[in-house]
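# Structure at a glance
Below are the chains, spelled out letter by letter.
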Amino acid sequence: MVTTKLIGALLVICGLLYMAGTALYRGRMSEPHSSRGESAGLEPRHRGLRFLGLKANWPGLVIAALGALMLLIPSVEGP
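Attention here is on the structure that accompanies the text. (Residues numbered from 1 in each chain as written. Predicted model: local features only at pLDDT ≥ 70, side-chain atom pairs only at ≥ 80, totals over all residues. Heavy atoms only, no water.)

## Some details on the overall build of the protein
Across its full length, the protein holds two helices and zero strands. The 79 residues of the protein split such that 14% are buried. Long-range pairs, those at least 24 residues apart, make up 69% of the contacts in the protein with a sequence separation of at least 6. Working note: accessible area of the protein is about 6,500 Å², and carbon and sulfur atoms make up 71% of it. (Helix = DSSP H or I, 4+ residues; strand = E, 2+ residues; numbered from the N terminus. Buried < 20%, exposed > 50% of the residue type's maximum accessible area, 1.4 Å probe, protein only. Contact = heavy atoms within 4.5 Å. Areas by Shrake-Rupley, 256 points an atom, 1.4 Å probe, with all protein chains shown as cover.)

## Section: helix α1 (residues 2–24)
Helix length check: α1 (23 residues) gives 33 Å between terminal C-alpha atoms against 33 Å at 1.5 Å per residue, within 8%. Taken together, the buried positions of α1 are Gly 8, Gly 15, Met 19 and Gly 21. Packed against the buried residues of α1 are α2 (54–72). (Expected span 1.5 Å × (residues − 1).)

## Brief notes about α2
An α-helical turn contains 3.6 residues, so a residue and the one three or four places further along point in the same direction. Along its 19 residues, α2 runs just 24 Å from first to last C-alpha, ending more than 12% under the 27 Å computed at 1.5 Å per residue. Considering bend angle alone, the principal kink of α2 is centred on Gly 60 and spans about 35°. Where α2 is buried, its residues contact α1. (Bend = angle between axes of the 7 residues up to and from the residue.)

Set out below in structure tokens:
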């Protein structure tokens, strides 16, 4: 039915928003100014790509996968 497709699409969007939110709100994006005169950039030096791992994003991946499965289920309409 149409509601199954709408709920599936909503779950996929919610999963993607969750993963984007965890990447954006994970710690400070800039370091305080140092006394040595170095200019601080927007990104910390030792942040790495940890925020893209499965450990932080598994709830969003599960929600998006559930929504994708709901989108793939063929809709059965009655007579």
